[in-house]
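One-letter residues, chain by chain:
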Amino acid sequence: MTKNKNHIDINDLPIGVLLVKRDGIVISYSPSVLLLTDKPIPDGCRIDSLFPNLPFKASKKERTYTFEHSTHGKQYTYRANVKPVEWSNFLVWIENITLSSKVERINRTLVKLSAIGLESTSPEDFYRLMQEELNTLFDARNIYLVLLDKSRQRLSLAYVSDTHTINSDYPSGNTFALWVAHRGQGVILNRQQMNRLRSKHNLTFYGPPALCWMAVPLKTKSDTVGVIAVQNYQNPNAYDHNDLEVLEFVSSQLTYMIIQKERENELKLAKGKAEEADKLKSAFLANMSHEIRTPMNAILGFSELITRESISPEKKKVYADYITSNGRLLLTLIDDIIELSKIEAGIYSIRRQPVELDSLFNELHQFAINEKKRQKQNILIARDIGNNSGITHILADGERLKQVLLNLLSNAIKFTSQGSVTMGYRIPNNATIEFFVSDTGIGIPKSLQEKIFERFRQADETAQRLYGGAGLGLAISKRLVELMGGRIWVESEPNKGSCFSFTLPLIIPNTKNISRIGFPTKNDYNKITGKTILIVEDNEANVNYLSDVVIASGAKSLTAMSGSQAIELLNREKIDAVLLDIQLPDTNGLELIKRIKEKIPNVPIIVQSAYTPAEYIDKAIAQGAYGYLTKPIKVNELLDLLSELF
C-alpha cells in the first residue's frame, strides 16, 4: 500500500481497517482485511462488494453495525465501526466478534430457558421451547432427549422433534445415546464414524441415519441422567467443536432444569392420581350407600309388611321372595368388598384342582338362562366351545374360574338389551387356554377400556346409575385371573358390543382317577328324620333358624350356647351330628373340634361359620370336621349336607 500525506497509515493495525469514500469506494486497507475477504481487492472496488452484509451508509455521525460474513466456507459475526474523517472519507474498523456474540447468545438463551422452566406447565412445553432456543445457537431442528431409568441401563424417550417421522418407541437395546451416556463425554460423528461404531459396539441408531450427529450426556456432579442429541441429514459438517462446546455448556445448566421439570411432573401426576382416588372414594361411598340401602329398604319394608294379618298368603309368598332376593343381593355386595380386600392384602390363595369343562359350562349356561329371566332380557344365550381340542379337564382353581366367568356373564346380560350373549373357550396354543364372554350390548369407548378394571369403576357414571352395581366385579376378576397366572382384556365398540377374554395356563391333569361330574342328584331328606342334631351357636336368631330347619326336616334339635355346654350335652345325650359355630364366647371352635373328636371320635361335625378364608376351612377339615357351611346358610345346602352325611 502506498503512503502519502493525505492518507492514514494503517498497515500495522491488528484489526481490519479500511478507508472508504462517501460513495463506498475503497481508498486503502490494512493487510488483515485480506484475511477477511479471502480474495484480492482490486483498485476502485466498493466496500459492499467485499462485505455484502455490511449496511455501509455515509453519515456525519459515527455508526456501528453488526453483520454476518462467510470466510473460508464458515459463517462469522463481525462488528463494523464507521467514523467520518478527512473531509468526505470514512474510517471503517472491522472486528470479528463471533466468540463474544455466541457467548452473549448463550447467556441470553440460558436466561430464557430459566424463565421457560418457571413458566412452562409441562415437560413437553419446556422441551419444545428449549429446542427453539437451542436452534438459535446451532442447527437443532432435529433433536431428541432421552432419560436414564433408575437402573441406569435403559433410556426412555422424553422428547423428540424431527423433520422425519420417527417412531415414539425408543429402542430398548444398546443405542448410540446409551453409549454416550456410559462414555460420559460429548461426541460429533459423521456417517462413516457411526457405521464403524455400530459394527464395533453393536449399536442401534434411533431414527433414519444422519450425515452428522452430535450428542452430549446430561450430568450432575455425581450422576448421568440422560442424553441430548441433534442430527443433520444434509450436511456432514453441520456441527464442529465450537457447537459441541456450546451444547456441553448449555446441557450442564439444562440438566438441573430437566430434573426439576420431571420431578414437578411426577408430583403433578401423583397429585392428579390422589385427587382422582379421592373422587373415586367419594363416588364409591355414595354408590355403596345406594347399593346397600336399596336392598335393605326392601328387606326391612317387606319384613314389616309380612307380619300384618291383613296380608294374603299369596302376597306373603311374594314378599318373602323379595326379602330373599334382596338379601342375596346385599350378600353379594358384601362378599365382593371383602374378597377384594383379601386379594389386595395378599391373604388370598389359589387352590388348583381338576376342572371338567363341560360341567362348568353346563352350570354357566343354566346360570345365564336364569339370570336372563331375572333381568327380563330377551336375548339369546349361546355357547362356543372348542370341543375339537380333545381337552376335557384342566388344572385350575375351579371356584375362582367359575367366579370370573359368572361376573362376566352377569355383566354381559345386564348391559345387553337385544341380540345375544356368547360364552366359550378356545385353545390358541399348547400353553394357554382362552375363555371369553361376548355380547351385542352397549359397548365401551376405547378411552375407558382400561379404567373399567379399576376398583369402583364402571364405563361411566351414567352406566352406574342406569344399571346399578358397585363397580367391583371386573376389578376382582382381573386380580383373580392374575393370581391364577393369566391376563384379562376387553375388545369393544360403542353400540356394537364387547368381548371380554382371559387366558390361563393350560395344565392337563391326570384324569384316570377323576369321575365325570354331572348335575347333582336330589338328596333324600327322609334320611334326616329321627336323627338328633346338636346346634352349637351363641346367636339366638341363628339358633332359632337352624333349629326350625332341623325340626322341619323331622330331626330332633338340641342347642348349646357355649363350648362347655356342648361338651356336657355330648357326654349326656346320643348325638348323631354337631352343627358347630367357630366363634364361641368361651373357646376357639378349632380347639373344640379337637376336644370333641378326642372324646367321641365317631360323631360327625359340620362347621357353620361366617369365617371364609380357605386356610381356615382347611384347618377345620384337618381337625376332623365333616363339612363346612358358610353363613348365611341356605336351607337346601344344610339339608343336602345332612342327608349326604346320613
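Residues numbered from 1 in each chain as written. Predicted model: local features only at pLDDT ≥ 70, side-chain atom pairs only at ≥ 80, totals over all residues. Heavy atoms only, no water.

Draft legend 1. Representation of the overall build of the protein in the model. Along the backbone of the protein there are 17 helices and 22 strands. When burial is assessed residue by residue, the protein has 45% of its 646 residues classed as buried. Total accessible area on the protein stands at roughly 35300 Å², and carbon and sulfur atoms take up 50% of it. (Helix = DSSP H or I, 4+ residues; strand = E, 2+ residues; numbered from the N terminus. Buried < 20%, exposed > 50% of the residue type's maximum accessible area, 1.4 Å probe, protein only. Areas by Shrake-Rupley, 256 points an atom, 1.4 Å probe, with all protein chains shown as cover.)

Draft legend 2. Inspection of the nonpolar core at higher detail. Core analysis: the largest hydrophobic core is formed by 43 residues, its most contacted members being F361, I394, L401, L405, F435 and F502. With seven residues, the top contributor of residues to this core is helix α10 (residues 398-414). When sequence neighbours within four positions are dropped, the list of residues in contact with L405 reads L360, F361, L364, F435, V437 and F502. Core analysis: the next-biggest nonpolar cluster, separate from the first, contains 28 residues, F138, A140, C212 and L254 among them. (Core = buried A, V, L, I, M, F, W, Y, C linked by side-chain atoms within 4.5 Å. Contact = heavy atoms within 4.5 Å.)

Draft legend 3. Summary view of the pairing of strand β15 (residues 432-439). Most of β15 sits inside the fold, with eight of its eight residues counted as buried. Neither face of β15 is left uncovered, since the one carrying T432, E434, F436 and S438 and the one carrying I433, F435, V437 and D439 both have all their residues buried. Here strand β14 (residues 420-429) runs beside β15; their pairing, made up of seven bridges, is antiparallel. Considered in β15, the bridge of N429 is made with T432. Counting the residues that bridge the hairpin from β14 to β15 gives two residues. (Pairing = 2+ DSSP bridges.)

Draft legend 4. Quick peek at the packing of helix α9 (residues 357-374) against α10. For the pair α9 and α10, the least separation of the axes is 10 Å and the interaxial angle reads 30°. Between α9 and α10, the interaxial angle falls into the category roughly parallel. Of the two elements, α9 crosses α10, and the hand of that crossing is right-handed. On α10, the residues that touch L360, F361, E363, L364, F367, A368, E371 and K372 of α9 are L401, K402, L405, L406, L409, S410 and I413. For the contact of α9 with α10, the residue count by class is ten nonpolar, one polar and four charged. (Axes fitted to C-alpha atoms, helices over the stretch in contact; angles between N-to-C directions. Parallel < 35°, antiparallel > 145°, perpendicular 65-115°, else oblique. Left-handed = near helix turned anticlockwise from the far one by under 90°. Nonpolar A, V, L, I, M, F, W, Y, C, P; charged D, E, K, R; others polar.)

Draft legend 5. Molecular detail of helix α6 (residues 191-201). Two or three places before Q192, at the start of α6, stands the capping residue N190, its side-chain oxygen 3.2 Å from that residue's backbone nitrogen. N202 sits one or two residues past α6 and shows a positive phi near 55°. (Polar contact = N/O pair within 3.5 Å; in protein donor to acceptor, adjacent residues only side chain to side chain.)

Draft legend 6. Region of the structure containing the environment of E339. By the secondary structure assignment, E339 is in helix α8 (residues 313-344). E339 gets classed as buried once you look at its relative accessible area, which sits at 10%. C-alpha separation for the pair E339 and I476, spaced 137 residues apart in sequence, amounts to 7.6 Å.

Draft legend 7. Focus on the environment of K39. Relative to the assigned elements, K39 resides in the loop between α1 (32-37) and α2 (47-50). Classification of K39 as partly exposed rests on a relative accessible area of 44%. The spatial distance from the C-alpha of K39 to the C-alpha of L50 is 9.0 Å, given a sequence separation of eleven residues. Apart from the residues within four sequence positions on either side, K39 is in contact with L34 and S49.

Draft legend 8. Molecular detail of the packing of aromatic side chains. For the structure on display, the rule yields 19 aromatic pairs. Between F453 and F500, the aromatic rings sit 6.1 Å apart at their centres with planes inclined by 75°, giving edge-to-face as the arrangement. Taken together, the residues F453 in the loop between β15 and α11 (461-467) and F500 in strand β17 (residues 497-505) connect sequence positions 47 residues apart. For the pair shown, F453 and F500 are each scored as buried. Within the aromatic cluster, the residues linked to one another by ring pairs are F51, F67, Y76 and Y78. Across the ring face of W489, the terminal group of R487 is positioned such that the distance to the ring centre comes to 4.1 Å. (Phe/Tyr/Trp six-rings, centres within 6.5 Å; stacked < 30°, edge-to-face > 60°. Lys NZ or Arg CZ within 6 Å of the ring centre and 35° of its normal.)

Draft legend 9. Examining the sheet that holds strand β16 (residues 488-493) more closely. Spatial strand order, β12-β14-β15-β17-β16: five strands in an open sheet with mixed pairing. Because the sheet does not close on itself, it has two edges, and the strands there are β12 (380-385) and β16. Across the sheet, the mean angle from the axis of one strand to that of its neighbour is 15°, orientation sign disregarded. By the bridge criterion, six bridges tie β16 to β17 in an arrangement that is antiparallel. Residue pairing in the sheet places E491 in a bridge with C499 of β17. Each of β12, β14 and β15 is contacted by α9, which is oriented at about 165° to β12, the strand it contacts most. On top of the sheet, α10 reaches β12, β14, β15 and β17; it is set at about 20° to β15, its chief contact.

Draft legend 10. Structural detail: the confidence of the model for the protein. Considering every residue of the protein, the mean pLDDT works out to 82; 87% of them sit at 70 or more. Counted against residues more than four places away or in other chains, residues 459-467, with its pLDDT under 50, gives 15 contacts. (pLDDT = per-residue confidence, 0-100.)

Draft legend 11. View of helix α5 (residues 176-183). Counting buried positions along α5 gives six out of eight residues, so the element sits mostly inside the fold. By the burial criterion, the buried members of α5 are F176, A177, L178, W179, V180 and A181. Residues of α5 that are buried make contact with β6 (143-148), β7 (155-161), β8 (187-190), α6, β9 (212-219) and β10 (224-232). One or two residues past the end of α5 sits G184, with phi positive at roughly 80°.

Draft legend 12. Local environment of the sheet that holds strand β4 (residues 74-85). Spatial strand order, β2-β1-β5-β4-β3: five strands in an open sheet with antiparallel pairing. In the strand order of this sheet, the two ends are held by β2 (26-29) and β3 (63-71), each with one partner. Here the average twist between neighbouring strands, direction ignored, is 25°.

Draft legend 13. Main features of unusual backbone geometry. Between K631 and the following residue, P632, the backbone shows a cis peptide bond with an omega angle of -5°. Following the sequence through the fold, P632 ends up in the loop between β22 (627-630) and α17 (635-645). Residue N202 is not a glycine yet carries a positive backbone phi of 55°. Note that N202 resides in the loop between α6 and β9. Although it is not a glycine, N495 adopts a positive phi angle of roughly 70°. Mapping N495 onto the fold places it in the loop between β16 and β17.

Draft legend 14. Region of interest: the pattern of salt bridges. Tallying each qualifying case throughout the model produces 15 salt bridges. A salt bridge links K402 to E363; the shortest N-O distance between them is 2.9 Å. Taken as a pair, K402 in helix α10 and E363 in helix α9 lie far apart in primary sequence, 39 residues in all. Relative accessible area serves as the criterion here: at 40%, E363 is assigned to the partly exposed category. Between K631 and D581 there is a salt bridge, with its nearest N and O atoms 3.5 Å apart. Remark: D581 occurs in the loop between β20 (577-580) and α15 (589-599) and K631 occurs in the loop between β22 and α17; sequence separation between them is 50 residues. Connected through shared salt-bridge partners, E537, D581 and K631 make up one network. (Salt bridge = Lys/Arg side-chain N within 4 Å of Asp/Glu carboxyl O.)

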